Amino acid sequence: MSNTIRIIGPDLPNIPWEERTTRGQGPLWRYSRNPIIPRDLIPTSNSIFNSAAIPFEGGFAGVFRCDDIRRQMVLHAGRSKDGINWQIDHETIRWIRDDEEIEEPTYAYDPRVCKLDDRYYVTWCNGWHGPTIGLGYTYDFREFHMVENALLPYNRNGVLFPRKVGGRYLMLSRPSDTGHTAFGDIYLSQSEDLIYWGRHRYVMGPREPWESTKIGAGPVPIETSEGWLLFHHGVLTSCNGYVYSFGAVLLDLEKPWVVRKRCKPYLINPRELYELAGDVPNVCFPCAALADAATGRITIYYGAADTVTGLAFAKIDELYDYIRKNS
Ligand code: BMA
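The following refers to the structure shown. Small disclaimer: the values here were computed from a predicted structure and weren't measured.

How each quantity is defined
Residues numbered from 1 in each chain as written. Predicted model: local features only at pLDDT ≥ 70, side-chain atom pairs only at ≥ 80, totals over all residues. Heavy atoms only, no water. Helix = DSSP H or I, 4+ residues; strand = E, 2+ residues; numbered from the N terminus. Rg over C-alpha atoms; globule rule 2.2 N^0.38 Å. Contact = heavy atoms within 4.5 Å. Areas by Shrake-Rupley, 256 points an atom, 1.4 Å probe, with all protein chains shown as cover. Lys, Arg positive; Asp, Glu negative; His and termini not counted. Charge placed at Lys NZ, Arg CZ, Asp CG, Glu CD. Buried < 20%, exposed > 50% of the residue type's maximum accessible area, 1.4 Å probe, protein only. Pairing = 2+ DSSP bridges. Salt bridge = Lys/Arg side-chain N within 4 Å of Asp/Glu carboxyl O. Patch = residues over 30% accessible without salt bridge, like charges linked within 9 Å, V, L, I, M, F, W, Y side chains within 5 Å.

**Notes on the overall build of the protein chain**
Regarding its fold elements, the protein chain presents two helices and 22 strands. Against the compact-globule benchmark of 20 Å for 327 residues, the protein chain has a radius of gyration of 18 Å, which places it among compact chains. Structurally, the protein chain occupies a C-alpha span of about 55 × 45 × 45 Å along its principal axes. Counting contacts in the protein chain only where the partners sit at least 6 residues apart, residues at least 24 apart contribute 54% of the total. With an accessible surface of roughly 13,800 Å², the protein chain has 48% of that area assigned to carbon and sulfur atoms. For the protein chain, the separation between the mean place of its 36 positive charges and that of its 40 negative charges on side chains is 7 Å.

**Here's the deal with the pairing of strand β21 (residues 297-304)**
For β21, the buried fraction is high: seven of the eight residues fall into the buried class. Pairing of strand β20 (residues 284-292) with β21 involves eight bridges; the strand directions are antiparallel. Bridging across to β21, A289 finds its partner in I300.

**Things to note about the pattern of salt bridges**
With the rule as written, the count across this model stands at 17 salt bridges. The salt bridge partner of R260 is D252, with a shortest N-O separation of 2.9 Å. With a relative accessible area of 15%, D252 lands in the buried category. If you follow the salt bridges from partner to partner, you end up with E19, R297 and K315 in one network.

**A short note on a negative patch on the surface**
On the surface, a cluster of negative charge is contributed by D98, D99, E100, E101, E103 and E148. Tracing the backbone shows D98 in the loop between β6 (95-97) and β7 (108-116).

Written out as structure tokens, the structure reads:
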């Protein structure tokens, strides 16, 4: 085991955590009490999944994909003391749009939350003449402001980096189409003001069988001494439809469009009942990760079967060793 990797970031002593109790394959393990968020936690929810959590005021806050019982895809804010038991607002997020030309989302899903400068930015798949990357921010998880869409349709899986790199804000995205897109590579775009995005760079496309149809960025990348740790989902087309698993790569610290290490096997794939059965069977879809620099603990929030939300855990040194050996 090597101890050569460090998480660069704050300590998070109250990170949701459970030690591994079973041997299992690979460096990630599931929370024994998964799923942590049931589909019907709030009166209007059909399903709560593909959602984002972040440390906030000594506890945690988050933005949740709560498809409702009309099957509208909408976002709700939530709070938690321990990152496991959540109170999710019954009302959807109502975006304050400072410019009336910014149109209300026709749907919103798969949010990510990123602490950047003095506020919490939210990116999500925004319905605007097709799916594109919506961008907004909040200071308190009560009042939410929407700014210009970051990119044009068709695009999904917009993920910000938690600091500027080379003087610019960075966003990963996955150009797509109108439907259940059967292709997809990850790109990186740069911005000086979070409004105008350009200097696009290609990051990576499908490579391994488990991700051979398409890939997309997952949680906000975690800065480490060995590069940006990015979890990404990958899709395999089986004779029974799409199968969503997730894996990890390390991106160059200075040029994060350069992939330094890429783990060949997936880290988590659908195999527990709540991942195999639900509105969309066979989906593990990570949208958030918490990291404790002091202990190297990492906790991942992932949507399961487009229905519920689960947790997976890792230790950075074991994960790094595994990625290195399998890269
Ligand atoms: C993708 C997105 C995800 C979803 C996945 C599986 O296209 O819609 O939100 O988890 O499909 O249905």
